[in-house]
Amino acid sequence: MFVKEIDPSASEVEREYKLLNLLEFSSSRKRMSVIVRDEFGQIFLFCKGADNILFDRLGDGGRTYQHATTMYLANYAEDGLRTMVFAYKKIEDSEYEEWSSSFSKAKAIIGPEREELLENISENIEKDLVAECIDKLAQAGLRIWLLIGDKKETAVNIGFACSLLRHDMHMFHLSLSRDVESKNQLKAMKDDILNQIKASYQVTTNENTKDDPFALVVDGKTLEIALTNDIKDDFLQLAVNCASVICCRVSPKQKALITRLVKKYTGKMTLAIGDGANDVGMIQEADIGIGISGMEGMQAVMASDFSMPQFRFLERLLIVHGHWCYKRISKMILYFVYKNIVFGLTLFYYELYSRFSGDVLYDGWYMVMFNLFLTSLPVISLGVLEQDVSSDICLQFPALYQQGQKGIFFSWKRIIGWMGNGILTSLVISILNVYILSPSTFRKGGQVVDIAHLGVTTYTTIVWTVNCQIALIITHFTWIQHIFIWGSIFSWYIFLLFYGALPPVYSNREYKLLVEAVGPAPMYWIVVLLVVVISLLPYFIYMVIQRSFYPMDDHVIQEMKYGRKVVVDDETWLREKQSSRKATHIGFSARVDAKILYLKDQLHKKRMFIIKSITNSPIRRSITTR
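Remember, it's a predicted structure, so these values are computed and weren't measured experimentally.

**Details of the overall build of the protein**
Consideration 1: Check the secondary structure of the protein and you find 28 helices and twelve strands.
Consideration 2: Looking at the protein as a whole, 42% of its 626 residues qualify as buried.
Consideration 3: At a minimum sequence separation of 6, the contacts of the protein that also span at least 24 residues come to 66%.
Consideration 4: Of the roughly 34900 Å² that the protein leaves accessible, carbon and sulfur atoms contribute 60%.

As C-alpha cells, this is what we get:
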C-alpha cells in the first residue's frame, strides 16, 4: 500500500508499506494494531485505542510525552470530543519472526481457546515487556534496585516507565542541601545525610505509614557519603525497608560497592544485570552476574555468568529455569542421600545379625554396580529433566518462585525426613528378608537360604525399591526417565545372568545363582514383591495425606493438569490464585491495584457526600418536621 506523508521539510512524499499482520479490534482488547514493513525493510507496529490501554503499554521513550498527551486528551474531552491515542513500536526482524510463527500457529487452532491464545500473542508484541518482567519479578519476591549513571530526572522517569515508582509512593530524596554543599565540609555533609536518613527511617517505622509503599532516590555525591563506614549501616537499614531504590549518577566503582554492601548486610543472594563496561564490577561482585549483549559492547557479557540479548528474558531465566533448577537439585540431593542410606545400612544390619562375623552380605561387584550403573542414570534424569509444573504455569504463578527463597524443598526438616525414610526403608528390607527367608525352605528340595541367596534377594529388593521411589518423586515423565528407571532394574538381572555365567574362579558364590537358585524359586519373587510394596508404603501414605489435606501450591496445579479436574472454583485453587498475586509495591499490577483503591475511595467519598447532602437538605427537614 502507498501512503502520502509530510516529511520534516514540510514537503509531501509518497511511501510504500507492506502490510504483514492485522491485529483486530475487540471489546476486551480496546485497541487495534497493524504490523507493516517500510521500503527500507524496517518493521513497525502501529496501534490505536483507548488512552488508558495504550499508556499501560508504553516503553521508556513513550513515557516522555505521556504527561503532555494526557493534558491534550483532557482538553479535548472537556470540549466534548471523542479521543483516541496512537502509538508505534519498531520491531527487530528476529523478534518478528519468532512472534509471527506463534501467531500463525494460533490462527490455525480450532477450538474455544483460539481467541484467548490470539489475544495473548497479540499482547506480547504490543506491550513493553520490561515493565511486565519487573512486575513478575516483584511478585516472585525479588527486591529490585536501579543503579544508573544518568541524572536524577532521567532516573526517576525510567523508574516510572518500568513501574519501579508509583505516584502514590512516599519517595525519599537523599541529597545535600545547598548550604552544606557550598561549605564542602565532610563532617557537615555526613551530619546532613544522617539526619535525612534517620528522619526517613522514622517515617517507614511509623504505625500509620509502615504499610505504605516507600521509594528511595539517591544521587551519586550523596551516595558516596552515605556509603562511608559510619553511615552505611543506617543507609542500608533505610534502603532495605523501601520497596524500590534508585541510585543515579553512580560510578562503576559505586555500583560494585553497593552490591558488595547489600550482599553483606542482608545476607541474601544478589543478582546484577547490565549491558556496558561500567557494569562489569557490579556483575562480578554479585552472586549471579548477567550481561546483556547489544549496543554497549561485549564487556558485560564476557564478565557475566549468563548472557542474554534482552532484559525481558530475565523473567524466564529466573521464574521458570530458576524454579525448575531449585526443585531438581533439591530432589536429586535428597534422593541421593536416601538411596545410599538404604544401601549402606543393610550392610550394617547384617553385621549386627551375624554378630560381626566378618562375612560381607554383598559381592564386591554388587558394591561397584550400585552407584555406578544401577541407580546413577535415574538420578541424572531427575536432576536434568524434572519439571513440577510447565513453563507457562511458572509464568502465570510467579509466586511459585518463592518456594526456593523460603527453602521449602531443601530445609533441615526435609533432610531429616528423607534420612528417616531411608532408615525406615533399610530396616524394613533387612528385617523382612531375614525373617521371611531364614526359617523356611527356599526351594522344593528343602534347600535353605545361605548368605549368597540372602544377599542377592536383599540387593534385588533395594534396586527395585530405590528405583520405584524415584518414580514416585518424579512429576514430569518422559521416555528418557522410563528407559533409565526400568532399564536400570532390567540391567541388574542382565548383569546377574552374565556374572553368574562366568567360571566359579571369577563369580565365586554367585555362580549360576540366578539361573539355578533364586530364579526358579517362587519364594524369591514373592519376597521381592512384598518387601518393595511394604518399603514404599510409608512414603505413599505420606504423599496421599499431604496432597489430600495439606496441598502445596504446585500440588493444586498438578491436580488440575494431570487429574483433569475442574478446580477453578475450588477453595484451594482460589487460595493458590490469590497467593500467586503477591501484594507488591512495584510493578504495573501494583500500580493498577493502587488505581483501583483510589477509585474506590473516590466513589466512597461521593457516596458519603450525596448521603450527607440528602440528610441536610431543607426538603428532608420539612418532611421530618411534619
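**With respect to the packing of aromatic side chains**
Consideration 1: Under the counting rule described, the total for this entry stands at 21 aromatic pairs.
Consideration 2: Considering the side-chain rings of Tyr459 and Trp492, the 4.6 Å spacing of their centres and the 45° angle between planes classify their relative orientation as tilted. Separated by 33 residues along the polypeptide, Tyr459 in helix 20 (residues 451-473) and Trp492 in helix 21 (residues 479-501) bring together distant segments of the chain. Like Tyr459, the residue Trp492 is buried in the burial classification.
Consideration 3: Between the aromatic rings of Tyr539 and Tyr542, the centroid separation amounts to 6.2 Å while the plane-to-plane angle is 45°, which identifies the pairing as tilted. Residue Tyr539 and its partner Tyr542 are located together in helix 24 (residues 522-549), separated by three residues, close to a single helical turn.
Consideration 4: The ring centre of Phe409 lies 4.1 Å from the NZ or CZ of Lys327, which sits over that ring.
Consideration 5: The lysine or arginine in question, Lys339, covers the ring of Phe336, its NZ or CZ lying 4.4 Å from the ring centre.

**Observations regarding the sheet that holds strand 4 (residues 43-49)**
Consideration 1: The strand order 1-2-3-4-5 describes an open sheet built from five strands, whose pairing is antiparallel. The strands lining the two open edges of the sheet, one partner per strand, are strand 1 (2-6) and strand 5 (85-91). Along the sheet, successive strands turn relative to each other by an average axial angle of 40°, direction set aside.
Consideration 2: Strand direction decides the pairing type here: strand 4 and strand 5, joined by seven bridges, are antiparallel.

**Observations concerning helix 3 (residues 93-107)**
Consideration 1: In this model helix 3 runs 21 Å from its N-terminal to its C-terminal C-alpha over 15 residues, within 8% of the 21 Å that 1.5 Å per residue would give.
Consideration 2: Of the positions making up helix 3, those classed as buried are Glu95, Tyr96, Trp99, Ser100, Phe103 and Ala106. The arc that holds every buried residue of helix 3, seen down its axis, measures 125°, which confines them to one face. In helix 3, the exposed positions angled more than 90 degrees off the buried face are occupied by Ser94, Glu98 and Lys105.

**Some points on the pattern of salt bridges**
Consideration 1: Applying the stated criterion across every chain yields a total of eleven salt bridges.
Consideration 2: A salt bridge links Glu315 to Lys136, with the nearest nitrogen and oxygen atoms 3.3 Å apart. Note that Glu315 is positioned in helix 14 (residues 313-353) and Lys136 in helix 5 (residues 129-139), a separation of 179 residues in sequence.

**Some details on the side chain of Thr270**
Consideration 1: You can see Thr270 is positioned in the loop between helix 11 (252-266) and strand 10 (271-274).
Consideration 2: With residues near it in sequence (within four places) discarded, Thr270 still touches Thr259, Val262, Lys263, Ala286, Asp287 and Ile288.

**Comments concerning unusual backbone geometry**
Consideration 1: With phi around 55°, Arg249 is a residue other than glycine that occupies positive phi space.
Consideration 2: As for its placement among the helices and strands, Arg249 is situated in the loop between strand 9 (244-247) and helix 11.

**Description of a nonpolar patch on the surface**
Consideration 1: A contiguous nonpolar surface patch, about 720 Å² in accessible area, is contributed by Leu537, Phe540, Ile541, Val544, Ile545, Phe549 and Tyr550.
Consideration 2: Note that Val544 resides in helix 24.

**Quick notes on the packing of helix 8 (residues 186-205) against helix 10 (residues 232-240)**
Consideration 1: Helix 10 packs onto helix 8 with a crossing angle of 30° between their chain directions and a minimal axis gap of 10 Å. Handedness of the crossing formed by helix 8 with helix 10: left-handed. Every residue of helix 10 that contacts helix 8 at Leu194, Ile197, Ser200, Tyr201 and Thr204 is listed here: Asp234, Phe235, Gln237 and Leu238.
Consideration 2: Looking at the contact of helix 8 with helix 10 residue by residue, the classes come out as five nonpolar, three polar and one charged.

**As for the packing of helix 10 against helix 11**
Consideration 1: Where helix 10 meets helix 11, the closest approach of the two axes is 11 Å, and the angle between their N-to-C directions is 80°. Between helix 10 and helix 11, the angle is such that the two are roughly perpendicular. Here helix 10 contributes Lys232, Asp233, Leu236, Gln237 and Val240 to the contact with helix 11, which in turn contributes Leu261, Val262, Tyr265 and Thr266.
Consideration 2: Of the residues assigned to the contact of helix 10 with helix 11, the class counts are five nonpolar, two polar and two charged.

**Details of the nonpolar core**
Consideration 1: Core analysis: the biggest nonpolar cluster contains 52 residues, and Tyr335, Tyr366, Tyr459, Ile462 and Trp492 have the highest contact counts within it.
Consideration 2: Of all the secondary structure elements, the ones that give two or more residues to this core are helix 14, helix 15 (364-374), helix 16 (376-385), helix 19 (412-437), helix 20, helix 21, helix 23 (513-518) and helix 24.
Consideration 3: When sequence neighbours within four positions are dropped, the list of residues in contact with Trp492 reads Tyr366, Leu374, Val456, Tyr459, Thr460, Val463 and Tyr524.
Consideration 4: Counting residues in each nonpolar core, the second largest holds 35 residues, with Leu137, Val217, Trp324 and Leu395 among its members.

**Here's the deal with the sheet that holds strand 10**
Consideration 1: Ordered in space as 10-11-12, the three strands form an open sheet in which the pairing is parallel. The open sheet has two edge strands with one neighbour each: strand 10 and strand 12 (306-308). Strand-to-strand twist of the sheet, defined as the mean angle between neighbouring strand axes without regard to direction, takes the value 20°.
Consideration 2: Note: strand 11 (residues 288-292) against strand 12, three bridges, orientation parallel. Along strand 12, the bridge assignment pairs Ile290 with Phe306.
Consideration 3: Here helix 14 sits on the sheet and contacts strand 10, strand 11 and strand 12; the angle it forms with strand 12, its principal contact strand, is near 140°.

**With respect to the pairing of strand 11**
Consideration 1: With respect to burial, strand 11 is a largely interior element, four of its five residues being buried.
Consideration 2: Across four bridges, strand 10 lies against strand 11 in parallel orientation. Among the inter-strand pairings, Ala272 is bridged to a residue of strand 11, identified as Gly289.

**As for the environment of Gly159**
Consideration 1: As for its position among the elements, Gly159 is in helix 6 (residues 152-161).
Consideration 2: When near neighbours in sequence (up to four residues on either side) are disregarded, Gly159 contacts Leu164, Leu165 and Ile246.

**Observations concerning the state of the cysteines**
Consideration 1: Per the counting criterion, the structure on display carries zero disulfides.
Consideration 2: No disulfide involves Cys248; its nearest neighbouring cysteine sulfur is the one of Cys247, lying 7.6 Å away.
Consideration 3: For Cys248, a relative accessible area of 1% puts it in the buried group.

**Things to note about helix 8**
Consideration 1: Between its first and last C-alpha, helix 8 extends 29 Å over 20 residues, near the 28 Å set by a 1.5 Å rise per residue.
Consideration 2: Of the surrounding secondary structure, the elements contacted by the buried residues of helix 8 are strand 7 (170-174), helix 7 (178-183), strand 8 (214-218), helix 9 (220-226) and helix 10.

**Notes on the pairing of strand 9**
Consideration 1: Neither face of strand 9 is left uncovered, since the one carrying Ser244 and Ile246 and the one carrying Val245 and Cys247 both have all their residues buried.
Consideration 2: In this sheet, strand 9 lies alongside strand 6 (residues 144-147) in parallel orientation, the contact comprising four bridges. Each bridged residue has a counterpart across the sheet, and for Leu146 the counterpart in strand 9 is Ile246.
Consideration 3: Two elements, strand 8 and strand 9, share four bridges in a ladder whose sense is parallel. Bridging across to strand 9, Val217 finds its partner in Ile246.

Calculation criteria
Residues numbered from 1 in each chain as written. Predicted model: local features only at pLDDT ≥ 70, side-chain atom pairs only at ≥ 80, totals over all residues. Heavy atoms only, no water. Helix = DSSP H or I, 4+ residues; strand = E, 2+ residues; numbered from the N terminus. Buried < 20%, exposed > 50% of the residue type's maximum accessible area, 1.4 Å probe, protein only. Contact = heavy atoms within 4.5 Å. Areas by Shrake-Rupley, 256 points an atom, 1.4 Å probe, with all protein chains shown as cover. Phe/Tyr/Trp six-rings, centres within 6.5 Å; stacked < 30°, edge-to-face > 60°. Lys NZ or Arg CZ within 6 Å of the ring centre and 35° of its normal. Pairing = 2+ DSSP bridges. Axes fitted to C-alpha atoms, helices over the stretch in contact; angles between N-to-C directions. Expected span 1.5 Å × (residues − 1). Arc of directions from axis to C-beta. Salt bridge = Lys/Arg side-chain N within 4 Å of Asp/Glu carboxyl O. Patch = residues over 30% accessible without salt bridge, like charges linked within 9 Å, V, L, I, M, F, W, Y side chains within 5 Å. Left-handed = near helix turned anticlockwise from the far one by under 90°. Nonpolar A, V, L, I, M, F, W, Y, C, P; charged D, E, K, R; others polar. Parallel < 35°, antiparallel > 145°, perpendicular 65-115°, else oblique. Core = buried A, V, L, I, M, F, W, Y, C linked by side-chain atoms within 4.5 Å. Disulfide = S-S within 2.5 Å.

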